[in-house]
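Given next are the chains, with one letter for each unit.
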Amino acid sequence: GGGPIGCELAQALARLGSRVTLIVDEHGVFPRDDEGVAPVLTAALERDGVQLVGGGRELSVAPGEAGGLGGGGLVNGPHGQTHVERLLVAVGRAPNVAGLGLEAAGVVFDPAKGGRVDDRLQTTNPRIYAAGDVCSAAKFTHAADFQARTVVRNALLPWPANRGKATSLVIPWCTYTSPEVAGVGLTQREASRRSVPVDAYRIDLAEVDRSLLEGETEGFVKVLTAAGSDTIVGATIVAPNAGDMIGEVSLAMTHGVGLGKIASAIHPYPTVAEASRKLGDQYNRTRFTPTLQAVLRRWFAWTA
């Protein structure tokens, strides 16, 4: 599987000395992330010794000569046959709701998606709430944490002003490959699919002094804003510490701090996090329109 878990484990096992073949489908690695992620991660995986093989939806698996897993097996696909000692399947997860008696409690659920909840995380039984992997598309520990906080507020505090909505949570994510891949909000691909007009600001790590000093120049920081404004609607970071860096963007989105405001916050130099401030500078330069330039030229000529 070419998703986050498959790539994390493939790279980790390869670095530990195993010979790893990563089998992906026609979309390659990280198919749901920003289109700039796949080339960087593909190069990193191959450099660490991971062999990428396509045709993930056209495979068959057969036991080896000794039979069973102990004797290894053969993976047959459109690109030929691969002998493997172990087969690790990382193609997604499903909520474990079996045996909970949800039918008896009147809780409607889907075996693939889990319990059905509303924006208050309330199930179809109004006295039962749900949070985390059992009902959420965002299957992360930190997402479950903040959904649980929302459930506590909604279940115990009856006043509308104290209630929370699941859709108001800004949930970042991070894949712990090397380099890391972190994101929050929309990707440019998803914005296009939803017909959401956005402006994109990107800086490559090769343009960040700290990254140059450390020799870690593979990656980038990309921020999307609502078209014509500095309201941040999404970000993707590919960097050694992307998971640490995405927190600043998540904070800005949660509290409505625009990209232009990030430019006015002094960041220590040299740090990789300074890339976010540089993107703020990129946005602010777009406000320096030809009309404004003409006005300033006249002003400077008059005051000279």
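Residues numbered from 1 in each chain as written. Predicted model: local features only at pLDDT ≥ 70, side-chain atom pairs only at ≥ 80, totals over all residues. Heavy atoms only, no water.

*Asks:* I'm lost on the sheet that holds strand 4 (residues 73-77) in this one. Help?
*Replies:* The strands making up a sheet associate through backbone hydrogen bonding, with each pair oriented either parallel or antiparallel. In spatial order, the strands read 3-4-5; together these three strands make up an open sheet with antiparallel pairing. In this open sheet, the two edge strands, each paired with only one partner strand, are strand 3 (60-63) and strand 5 (80-84). This sheet shows a mean twist of 25 degrees between the axes of neighbouring strands, independent of strand direction. One ladder, built from four bridges, connects strand 3 with strand 4; its direction is antiparallel. Directly across from alanine 62, in strand 4, lies its bridge partner leucine 74. (Pairing = 2+ DSSP bridges. Helix = DSSP H or I, 4+ residues; strand = E, 2+ residues; numbered from the N terminus. Axes fitted to C-alpha atoms, helices over the stretch in contact; angles between N-to-C directions.)

*Asks:* Explanation requested: the layout of surface pockets in the structure shown.
*Replies:* Empty space among the atoms becomes apparent when a probe as large as a water molecule is rolled across them. Within this model, the second largest pocket holds a volume of roughly 250 Å³. No other element matches the four residues that helix 6 (residues 242-254) contributes to the lining of the second largest pocket. For the lining of the second largest pocket, a count of residues per class yields seven nonpolar, six polar and no charged. (1 Å grid on protein atoms, 1.4 Å probe; cavity = no way out; pocket = protein on both sides within 12 Å on 5 of 7 lines; lining within 4 Å. Points joined across faces, edges and corners; volume = space filled by probe spheres on them. Nonpolar A, V, L, I, M, F, W, Y, C, P; charged D, E, K, R; others polar.)

*Asks:* Any chance you could explain the sheet that holds strand 12 (residues 232-239) here in plain terms?
*Replies:* The strand order across the open sheet built from five strands is 8-9-12-11-10, with neighbouring strands paired in antiparallel fashion. Edge strands, defined here as strands with exactly one partner in the open sheet, are strand 8 (173-175) and strand 10 (198-204). The sheet shows a mean angle of 10 degrees between the axes of neighbouring strands, direction not considered. Pairing of strand 11 (residues 220-226) with strand 12 involves six bridges; the strand directions are antiparallel. Bridge assignment links leucine 224 to a residue of strand 12, and that residue is glycine 234.

*Asks:* Can you help me understand the nonpolar core in this one?
*Replies:* In summary, soluble globular proteins display a tendency toward joint burial of nonpolar side chains. In this structure, Val221, Ile232, Ile237, Leu259 and Leu279 are the most contacted members of the largest nonpolar core, which totals 25 residues. Elements that contribute at least two residues to this core include exactly strand 9 (180-185), strand 10, strand 11, strand 12, helix 6, helix 7 (259-263) and helix 8 (274-286). Of the residues forming this core, the biggest block, six residues, is contributed by helix 6. Every residue in contact with isoleucine 237, bar those within four places of it in the chain, is listed here: Glu180, Val181, Ala182, Phe220, Val221, Ala242, Met245 and Ile246. (Core = buried A, V, L, I, M, F, W, Y, C linked by side-chain atoms within 4.5 Å. Buried < 20%, exposed > 50% of the residue type's maximum accessible area, 1.4 Å probe, protein only. Contact = heavy atoms within 4.5 Å.)

*Asks:* Explanation requested: the pattern of salt bridges in the structure shown.
*Replies:* Close approach of charged atoms lets side chains of opposite charge pair. All chains considered together, the criterion is met by 12 salt bridges. The salt bridge involving aspartate 48 is made with arginine 15; its shortest N-O contact spans 3.0 Å. One end of the pair, aspartate 48, is in the loop between helix 2 (37-47) and strand 2 (51-53); the other, arginine 15, is in helix 1 (residues 4-15), and 33 residues separate them in sequence. Residue classification places arginine 15 among the exposed residues on the basis of a relative accessible area of 52%. Between aspartate 133 and arginine 93 there is a salt bridge, with its nearest N and O atoms 3.9 Å apart. Within this pair, whereas aspartate 133 is found in the loop between strand 7 (114-115) and helix 3 (141-156), its partner arginine 93 is found in the loop between strand 5 and strand 6 (109-110), the two being separated by 40 residues in sequence. What you see here is one network of salt bridges that share partners, running through Asp34, Glu35 and Lys222. (Salt bridge = Lys/Arg side-chain N within 4 Å of Asp/Glu carboxyl O.)

*Asks:* How should I be thinking about the state of the cysteines in this particular structure?
*Replies:* Each disulfide consists of one covalent bond between the sulfur atoms belonging to two cysteines. Taken as a whole and judged by the stated rule, the model has zero disulfides. You can see cysteine 7 has no disulfide; the closest cysteine sulfur is in cysteine 174, sitting 13 Å from it. Overall, the relative accessible area of 0% leaves cysteine 7 in the buried class. You can call cysteine 174 buried: its relative accessible area is 14%. (Disulfide = S-S within 2.5 Å.)

*Asks:* Whenever I open this one, the packing of aromatic side chains confuses me. Can you help?
*Replies:* Here a ring pair, both rings aromatic, is described through the centre-centre distance and the interplanar angle of the planes. Tallying each qualifying case throughout the model produces two aromatic pairs. With a centroid separation of 5.5 Å and an interplanar angle of 45 degrees, the aromatic rings of tryptophan 299 and tryptophan 302 are classed as tilted. Placement of the pair is tryptophan 299 and tryptophan 302 together in helix 9 (residues 290-303), with a separation of three residues, close to one helical turn. When the ring centre of phenylalanine 146 is taken as origin, the NZ or CZ atom of arginine 149, which lies over that ring, is 4.5 Å away. Just above the ring of phenylalanine 220 sits the side chain of arginine 202; from NZ or CZ to the centre is 4.0 Å. (Phe/Tyr/Trp six-rings, centres within 6.5 Å; stacked < 30°, edge-to-face > 60°. Lys NZ or Arg CZ within 6 Å of the ring centre and 35° of its normal.)

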